[in-house]
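Descriptive structure summary
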Amino acid sequence: MRLTSAECHTPVGPPRPFPPRTRLVAIVGPPNSGKSTLFNRLTGLHQKVANYPGVTVEHRMGRLKARYVDTGTRQNVELVDLPGIYSLNARSEDERVTRDVLAGLMPGVPRPDAVLLILDSTNLGRQLMLAAPVLATELPTMVLLNMSDDLARRGGVLNVPELSKRLGAPVALVTARNGRGFDEIYDFLNAQLAPPRPVQLPILQDVPKTRKWSAQMSFASGYVAPAPTKWTRRLDKVFLHPVAGPVIFLTVVLALFQSIFTLAKPMMNGIADLVSGSGNLLTRILPASVFRDLLVQGVWGGVGTVITFLPQILLLFLFIGFLEDSGYLARAALIADRTMKGIGLQGKSFIPLISAYACAIPAVLAARTIENKRDRMATILIAPLMTCSARLPIYVLIIAAFIPDKHVLGPLLGMRAIAMLSLYILGFLAAVATARVLKSSILRSERTPFVLEMPPYRWPKLSQLAMRLVDRGKVFLHRAGTLILGVAVVLWILLHVPTHNGQPPEIEHSVAGQIGHAIEPAIRPLGLNWKFGIGLISSLAARETIVGTLGTIYDTEGKETNGKLQEAVRKELSPAGAAALLIFFAFALQCMSTIAVVRRETAGWKWPIIQFSYMLVLAYVGAFAAFHIVTWFT
Amino acid sequence: MIATCKLSELAAGAEAILESIDLPEEEARHLMVLGFLPGHRIEVGLSAPGGDPRVYRVDGSEVALRRETAAHLETMPMTGLPFGKNDREGS
């Protein structure tokens, strides 16, 4: 018998029937085959997201749920969910990574001991094409034919033992959504592994021959394709209708916005109240000390600013997850493609850019769906120009301080609303212009065709949506939380050293104050003084921190109301300086979490540095221009 | 003799047999993997408002292409010919 790869690593001794070490099993499958659903069901919440070194492709690792581990063998199984691919031709980075992992060529990643290949059973003739290169790796493979419920309901037929014989590998009909047929997966994961012995394999590089092979395989296994779903066609007649289509599309986009801003608002306020309430409680119960102040103002304040954004981000992901799982997202990309093409991008950039209105981090993560690397990069680079919700606090403060609360056209449209809307439009226009510049210069792409598979419509499963929310929430809290927390603590310390006789210094004499003074020459042309310098420095971590910082600076007692802060800002700042500050915030990339995520997603410092620099230049020039234009008019 | 025509010239509801793909090898192969195989049937589906991109039914799934891409696919129209829906499974 040929040794399996697991045994190859053991240099001496006869092969043991059940090696006690953990078995690494890769899940491979095309997009929309139910790969993630399978992974989630097998691992539950015990999963972590990781990147392979040097590439931007993300993969999930997870341990097989304890209750599925065989009590006799106690075989531990670690599952890795590889990206969705159509072939192993290495056309995209996803395909290259999958090919290298399966071949054991990915540095630092052991070759998997086995593969779970998941395919959509309702279109087996084509889906089986991926089986050829996977079986050719000679890794022990189990072929899972997903959506078997659909297959049966729509009159499809398949002789599973026959297909298994021809492929030389175990085959099972499963339904990942409800766990049907999973017993056979557990049997496979626990049993002794053997490489596949297919009757024949096609020439892998030859697509028509591979297709022919896959048709022969399915035909010989008595496969009868199910009747096509009528629902998808019926729904497409509505969603892609020349008139109703765009109307529904706009309604969906508006609902997305509405939910981000109105639905999330009470939750955000609630969390903010909870944070400040518990902070006050801590102040009262802890003895007065430097550490109490650091804990309450630094740590608690830092955590607070981050988690108040959580409801908004979760709502956004709930919305996008629903659209994605239902199949509408692909239609939205289709409808948006023409407009996005106008700015040099494509339909798949649309959802990331819409998400960026809430927060650039989910936007950068959502840009993963764009296969074209340059389009993806351009989308990532412009996403932070969209007006994210972290800009709202400073916008609200400055607008409330400088723009009179007057109605312009009826009771609905006030001057403040117009100012706010203008800032949104400004960010959008800057993003569009930058996209055009990028796509006609450093990110000009060879004309790769826009190819978008339209998955059939499905009713999204709540548990899957919930898993995704938990997952994304964890990622956000972890990546953003650690950074903002760290900076909040550092800022607090900088504001409180050097101490004199145990007393913290006046802000002006603190280290932070000295830094503010140091950068004052640079920001004076924008009409901003050293206090705003501290604010700008602190907001490098996260834009929303500037309001808290200004609050601290103008009233170290920390008791000021927003109205008082408005008054203080009005005294310190000329209208021209206020305009400059707004423009600076509209364009600058003051968000360490975004920088960190971009670095991760682009696998290096090059793009985040380019992004930070161009946005800083844009912000400075824009603010300078705004200062002079407003000065000229007033 | 029936003349071939570009996939982008066909209207919604039309059916055609794909003759050839005039794109760089890698892109052509990707389209073939997705179901655009020479000799297979393509059914022209709905489009986004404005007519571009358009959805095509190939090999049991639906794939959207921009007009600029579809213009590189040469087809033999078969609408009106006495070919039924006999080859869902392709080959």
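Since the model is a prediction, treat every value here as computed from it, not as a measurement. Position labels on residues start from 1 in each chain and follow its written sequence. Whichever chain is written first becomes A and whichever ligand is written first becomes 1, with later ones labelled in order. For a predicted model such as this one, the threshold for reporting local features is a pLDDT of at least 70, and the threshold for listing and counting side-chain atom pairs is 80 or more; totals across whole chains, interfaces and linings nevertheless cover every residue. In computing side-chain values, all of the structure's heavy atoms are included and hydrogens and water are not.

Describing the nonpolar core
All names here are of chain A. The cut-off we apply is this: Residue types Ala, Val, Leu, Ile, Met, Phe, Trp, Tyr and Cys, when buried and joined through side-chain atoms within 4.5 Å, form a set referred to as a nonpolar core. Exposed residues in this analysis have more than 50% of their type's maximum accessible area, buried residues have under 20%, and partly exposed residues fall in between, with area computed by a 1.4 Å probe over protein chains only. The numbering of helices and of strands both runs from the N terminus, where a helix is a DSSP run of H or I of at least 4 residues and a strand a run of E of at least 2. Two residues form a contact once any of their heavy atoms are found within 4.5 Å.
Of all hydrophobic cores here, the largest spans 109 residues; its most connected members are Ile394 and Leu581. It is helix α25 (residues 575-587) that provides the largest number of residues to this core, a total of eleven residues. Leucine 581 has contacts with Ile394, Ile398, Leu528, Phe532, Leu536 and Leu573, leaving out every residue within four places of it along the chain. In this structure, Val28, Leu88, Leu135 and Trp213 belong to the second largest nonpolar core, which totals 37 residues.

Quick look at the interface of chain A and chain B
As a reminder, the rule being used: When two parts are brought into contact, each loses some accessible area as probed by a 1.4 Å sphere; the total of that loss over both is the buried area. In the sections that follow, a salt bridge refers to a side-chain nitrogen of Lys or Arg positioned within 4 Å of a carboxyl oxygen of Asp or Glu. Here a polar contact is recorded for every N or O atom pair within 3.5 Å, except that within protein the pair must consist of a potential hydrogen donor and a potential acceptor, and residues adjacent in sequence are included only if both atoms are side-chain atoms. Put simply, Ala, Val, Leu, Ile, Met, Phe, Trp, Tyr, Cys and Pro go in the nonpolar bin, Asp, Glu, Lys and Arg in the charged bin, and everything else, Gly too, in the polar bin. Two strands pair if DSSP finds at least two bridges between them.
Taken residue by residue, the interface counts 41 residues in chain A and 35 residues in chain B. Across the chain A to chain B interface the summed buried area is about 3,500 Å²; carbon plus sulfur atoms make up 56%. Where chain A touches chain B, the interface holds five salt bridges. If you look at where chain A meets chain B, you find twelve residue pairs in polar contact (both at pLDDT 80 or more). Those elements giving two or more residues to the side of chain A that touches chain B turn out to be α4 (124-127), α9 (207-220), α10 (230-239), α14 (328-342) and β10 (451-454) of chain A. Looking at the side of chain A that touches chain B, the element that brings in the most residues is α14 of chain A, giving six residues. Residues that form the side of chain A that touches chain B fall into these classes: 20 nonpolar, nine polar and twelve charged. Bridge analysis of β10 of chain A against strand β5 (residues 61-65) of chain B gives four bridges, and the strand direction is antiparallel. Within β5 of chain B, the position partnered with leucine 452 of chain A by the bridge is alanine 64 of chain B.

Considering the confidence of the model for chain B
Using the following cut-off: Every residue gets a pLDDT, meaning the predictor's confidence in that residue, from 0 to 100.
Summarising the model, chain B shows a mean pLDDT of 83, and 84% of its residues fall at 70 or more. Every residue in residues 81-91 of chain B scores below 50 in pLDDT, and together they form 17 contacts with partners more than four places removed in sequence or on other chains.

Topic: the confidence of the model for chain A
A low pLDDT score tells you not to read the predicted coordinates there in detail. Within chain A, residue pLDDT values average 83, and 90% of them lie at 70 or more. For residues 556-561 of chain A, every residue scores under 50 in pLDDT, and the model assigns this stretch four contacts once sequence neighbours within four places are set aside.

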